[in-house]
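Each chain, letter by letter, is given below.
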Amino acid sequence: MLISVYRYLRLPHRHHRLLFHLSGMHTAGEGAPPADGVTSKHAAKKEAKRLEKEAKLAAKQLKQAAPASDKKAKADKEKAQKAEEPAFENITPKGEKKDMSQPMAASYNPHAVEAAWYDWWEAQGFFKPQTQSDGSAKPEGRFVIPAPPPNVTGSLHIGHALTVAIQDCLVRWNRMLGKTTLFVPGFDHAGISTQSVVERRLYKLEGKTRHDLGRETFLTKVLDWKNDYQARITNQLRRLGGSYDWNRVAFTMDPSLSKAVIETFCRLHEGGILYRANRLVNWCVVLNTTLSNLEVEQKQLEGRTLLNVPGYDPKEKFEFGVITSFAYPIHDSDENIVIATTRPETMLGDSAIAVHPDDPRYKHLHGKFAKHPFVDRLLPIVTDAIAVDMAFGTGAVKITPAHDPNDYEVGVRHKLEFINILNDDGTLNANAGKKFQGMKRFHARREVVKALGEAGLYVETKDNPMQIPICSKSGDVIEPILKPQWWVNCKPLAEEAIKRTRNGELVISPKQSEADWYRWLENIQDWCISRQLWWGHRCPAYFVRVEGVDADVNDGKNWVVGRTLEEATERAKTLANGANFTLERDEDVLDTWFSSGLWPFSIMGWPEQTHDLSHYYPASMLETGWDILFFWVARMVLLGIYLTGKVPFSEVLCHAMVRDAHGRKMSKTLGNVVDPLDVIHGLPLVDLHQKLYEGNLDEKEIAKAIAGQKKDFPRGIPECGTDGLRFALCAYSGGGRDINLDILRVEGYRKFCNKIFNATKFAMLKLDSTFVPNALPNPTGNESLVERWILHKLNIASTNVNSHLEQRNFMAATTAVHNFWLYELCDVFIEAMKPMTDPAVALETRTSAQQTLYTCLDYGLRLLHPFMPFVTEELWQRLPRRINDDPSIMVSRYPTQDSRFVFDDAERQFELVLAVVRTGRSLAASYNLQSDIQLFIHASDAGETKLLESQAPTMASLIKGCSKVAVIGDLSQLPPGCGSTALSPTVAIYLAVQGFIDLEAEVAKLEKKIHAVNLNLDKLLKATSQPDYRDSVPTTVQQANEDKQKVLEAEIAALQQSKSMFLKLQ
């Protein structure tokens, strides 16, 4: 009975005592076998099954109980350790090196690890370009990035963190390659955005407008805002680890950069590229300024839509997405002509009606007039084949030259009157007639339709799919209006930029951005650079008011420009030709992108011929988001070529736009805008909510944002540290246009930092106090197989990371270094070397393993440094130093391909060892064995046998719970009762499972497996036995099939062996 029960038990040997307890349960009392011990075969089998069931249940309970208790013990231990460790306090004096003599902390703490290093790097001058004695770049070359200047509008968000992570990764990598590197920081005054946010803040806190304060007082408030946020942003950039040369920090309104702006304006005007004209512009009523086309977004409507408009009562909605038809009476006739419009209020500015010259319906009206119903105005009926499509609508089109881009062209062609009906504040002026004068534009829309109905001229209103122009800054509906402004003729500049790009002087990646680049430049329009703001560079242009001359301020004939007032005055004297005159400076300021377009060379001192300009311009690359390729990058190229004769950088890299985990654009009202410092330090949910009140959101927007934060960050934002955040952002960067950022993934890379920290801490225990690293990392020739393998893998990782960074594939680069650390160094080498560092092992073996471990830690940390600057410096500084080593990891040499570490044979041999390890683990898991694992490897090839015998201790150390790995030459050496699997035609792996399995069930399983493998073999043999197989199938496929056949046959043999064993045990 005991034997019968034993063969059904799956319990490990340590639980065999349970067997005797179970088998003795029925020796007496009710339900016990007869006293004479006689029982039927059926009863015994039934009893055995019942006992098996109980044993399985007991084993399951034991298994469940152990992990739970282990988990609780581990949690309690970690809690105790955390309680024992006092809160970290940075006691390192600013700029001094952190004391590394203290023991390493019990666990990774990003706050402690990242403290003090940045100030020390800066104090040591590591951020400054390292040059040769004559100031020229080092022989390795130079690498220069002009950092895109963040707007001083507000703090940085996670999209800026992506920019810093990618750029600083490239800068640190190139610095470690030995190049002269320069990373220039700076800030943009952001005219519209900054003035707008300060105005909103002023009104929210004091109930005042800028006009209440006056220009000078208001600009003082804006300057205070700029200083506050520039300091905040500087702190953010430092915490993100950006290795900027802060001695060269620039601001777009600094005196030297302002001088560059004035010089550019004057040169463009002198070259005939910049001109003044009264043309249609995009007018934002809310901001009261002109916008460029790039600052206008098109909102798609599918039909009738009611929308709120900024500047109106929030409860009031206006109708968009419809087209209204109405009739104009023909002058001196009973006829009407019907037209249609999506903007009925603009009919108050109509100056003509256009029809197609070939349209028979209107030929009798050629040269006649329509009478305006609300103002004293006759509208000529003109013929225009360009503007009118006979088949569309009624074939008649109202023409409003002062308020529509297409109508503007018609007005120019036919010399029509340009009638502006709008004031700058969005109300209608006297040209709209007394009935509508003073009305706000969208109130006037309703009133015009109502008045048309009362006059009997209204026809109908119906749905009309359309786009409406929206200000990207304020959300206002843009109005096309006539304004005298300064314009840049971009076509000749764009032609040269296209030519230079096609010649290879500029490389744009990814390819999609390059295609966008050409398409935009080929269709470029003139650029309006005037802005009706107070904050910005005031136009260096002056209207010359000559005594006795009635001059028009709208054109450029009576304007002069000057680098100084003196220069402008001299030019005005020539214009006035001896007459008295006064100069009136243009009140407008310049578009922010005008000064930003000079960034790569203005920060180097242009227009002066400075040392920086001659040594660091053009820059090596410009890295930015694809969404400002035209706003900024194109303008830098256009102006750079025109003003300096050189393309301002040789490469443009466009990174993705960061969205939230749901793919939504970051928006304050959604509550998904994330401050990178909150990810670095962590922030409770209640504090996230509180930050919303610091901005300009109203109560409804705050409530919406709070709801979004509760959904996205139910437990707040966890502390991830700078290194985890940077690595995550780089890992996301694979060349796409969008990144859906999940904070939990960032937290996952914080755990990777923890893994690196703990692995290094453990590994350093193997480097005892007597260890001294060799002067050079040259292999001695005495390295073990696993040492040669890890050095080879280190070389592969180094080669791949460099290659991926050259290709700007940050996702692949982070994957390569992540895999080396996690799956090769930590999971394999550090585990495999444990037996080699045992005190009982020969000194030569132990020393070799230590030297290899040191090289892997040293080079592995260097590989990681561009992505994770802080934790790598912290750990690298704790390593023993080689003779003449560098003072910091950030100025050490980056690992590159190294022929000293090429061990192809070792890689091939150890891959077999790892294959055995992986297969052994899988085999043990299939039998649910977690301890006392005994593996037997049968290899029929003598070379493989010798290799595996030598690596038996290594394999045992790599299989958790393994107590024995034996390599056998004959199957007769196998113990009874082994599960098995074939690794290859020459290697089979056996696992001792006697006493752990249900023999009958196992035999049944093996029969099924054998049947399944035989089916695969039969299928393969059938395919390879076809008459034309040898002639029609490629030799590579034939070889693969032969190998597959051998593996299947070996698998069948191993399974048959196990089946035979189990049958004997039965």
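Just so it is clear, the structure is predicted and the values come from calculations on it, not from any experiment.

Conventions we followed
- Residues numbered from 1 in each chain as written.
- Predicted model: local features only at pLDDT ≥ 70, side-chain atom pairs only at ≥ 80, totals over all residues.
- Heavy atoms only, no water.
- Core = buried A, V, L, I, M, F, W, Y, C linked by side-chain atoms within 4.5 Å.
- Buried < 20%, exposed > 50% of the residue type's maximum accessible area, 1.4 Å probe, protein only.
- Helix = DSSP H or I, 4+ residues; strand = E, 2+ residues; numbered from the N terminus.
- Contact = heavy atoms within 4.5 Å.
- Phe/Tyr/Trp six-rings, centres within 6.5 Å; stacked < 30°, edge-to-face > 60°.
- Pairing = 2+ DSSP bridges.
- Right-handed = clockwise from strand over helix to strand, strands pointing away.
- Axes fitted to C-alpha atoms, helices over the stretch in contact; angles between N-to-C directions.
- Salt bridge = Lys/Arg side-chain N within 4 Å of Asp/Glu carboxyl O.
- Disulfide = S-S within 2.5 Å.
- Expected span 1.5 Å × (residues − 1).

Draft legend 1. Local environment of the nonpolar core. Core analysis: the biggest nonpolar cluster contains 166 residues, and Trp 821, Phe 867 and Leu 948 have the highest contact counts within it. Of the residues forming this core, the biggest block, 13 residues, is contributed by helix 26 (residues 810–832). Discounting residues that sit within four places of it in the chain, Phe 867 has contacts with Cys 169, Asp 723, Arg 726, Phe 727, Cys 730, Val 801, Leu 805, Ala 813, Thr 814, Val 817 and Tyr 894.

Draft legend 2. Structural view of the packing of aromatic side chains. If you walk through the whole model with that rule in mind, you get 31 aromatic pairs. Ring geometry for Tyr 312 against Phe 442: centres 5.9 Å apart, planes inclined by 55 degrees, an arrangement best described as tilted. In this pair, Tyr 312 is assigned in the loop between strand 8 (305–307) and strand 9 (318–320) and Phe 442 in helix 12 (residues 441–454), connecting sequence segments 130 residues apart. Since its relative accessible area comes to 11%, Tyr 312 is described here as buried. You can call Phe 442 buried: its relative accessible area is 1%. Centroid distance Trp 486 to Trp 559: 5.7 Å. Interplanar angle 90 degrees. Geometry classified as edge-to-face. Taken together, the residues Trp 486 in strand 18 (residues 479–488) and Trp 559 in strand 23 (residues 559–561) connect sequence positions 73 residues apart. In this structure, Trp 486 and Trp 559 share a single accessibility class: buried.

Draft legend 3. Molecular detail of unusual backbone geometry. Put simply, Ser 509 and Pro 510 share a cis peptide bond, and its omega is 0 degrees. In this fold, Pro 510 is placed in the loop between strand 19 (507–509) and helix 14 (511–522). Omega for the peptide link from Tyr 617 to Pro 618 comes to 0 degrees, which places this bond in the cis form. Relative to the elements of secondary structure, Pro 618 occurs in the loop between helix 18 (611–616) and strand 26 (622–625). Positioned with a positive phi, Ala 190 is a non-glycine residue whose angle comes to about 50 degrees. Here Ala 190 is to be found in the loop between strand 3 (186–187) and helix 7 (191–206).

Draft legend 4. Broad picture of the pairing of strand 1 (residues 142–146). With respect to burial, strand 1 is a largely interior element, four of its five residues being buried. Of the pairings in the sheet, the one linking strand 1 to strand 2 (residues 180–184) comprises five bridges and is parallel in character. Each residue of the ladder has a partner; that of Pro 146, found in strand 2, is Val 184. For the handedness criterion, the β-α-β arrangement of strand 1, helix 6 (residues 158–176) and strand 2 is classed as right-handed.

Draft legend 5. The sheet that holds strand 24 (residues 581–585), seen in detail. Taken together, three strands build an open sheet; the order of strands is 23-22-24 and the sheet is antiparallel. Both outer strands of the open sheet, strand 23 and strand 24, are each paired with one neighbouring strand and no more. Put simply, the sheet's adjacent strands are angled 35 degrees from each other on average, direction ignored. As judged from the five bridges shared by strand 22 (residues 541–546) and strand 24, these two strands associate in the antiparallel manner.

Draft legend 6. Here's a closer look at the pattern of salt bridges. In this structure the tally under the stated criterion is 58 salt bridges. The salt bridge involving Arg 215 is made with Glu 587; its shortest N-O contact spans 3.0 Å. Taken together, the positions of Arg 215 in helix 9 (residues 215–239) and Glu 587 in the loop between strand 24 and strand 25 (589–590) put the pair 372 residues apart, joining distant regions of the chain. Here Glu 911 makes a salt bridge to Lys 793, at a shortest N to O gap of 3.7 Å. Here the residue Glu 911 occupies a position in helix 29 (residues 904–926), and Lys 793 occupies one in helix 25 (residues 785–806), the gap between them amounting to 118 residues. On the accessibility criterion, Glu 911 (27% relative accessible area) is partly exposed. Here Lys 793 falls in the buried class, since its relative accessible area comes to 12%. Each of the salt bridges in this network shares a partner with another, and the network as a whole consists of Glu 263, Arg 267, Glu 270, Arg 563, Glu 567 and Arg 571.

Draft legend 7. Region of the structure containing the state of the cysteines. Per the counting criterion, the structure on display carries zero disulfides. Not part of a disulfide, Cys 720 finds its nearest cysteine sulfur in Cys 753, a span of 9.6 Å.

Draft legend 8. Layout of the environment of Val 871. Along the chain, the position of Val 871 falls in helix 28 (residues 869–878). Residues Val 871 and Phe 771, spaced 100 residues apart in sequence, show a C-alpha to C-alpha distance of 23 Å. Apart from residues lying up to four places away in sequence, Val 871 is in contact with Tyr 108, Val 113 and Asp 723.

Draft legend 9. Representation of the side chain of Thr 400. Turning to its location among the elements, Thr 400 is positioned in the loop between strand 15 (396–399) and helix 11 (405–414). Under the relative-accessibility criterion, Thr 400 is labelled buried at 2%. With residues near it in sequence (within four places) discarded, Thr 400 still touches Thr 346, Gly 349, Asp 350 and Asp 407.

Draft legend 10. Representation of helix 27 (residues 843–864) in the model. For helix 27, with 22 residues, the first-to-last C-alpha span of 31 Å sits near the 32 Å given by 1.5 Å per residue. Burial runs high along helix 27: 18 of the 22 residues are buried.

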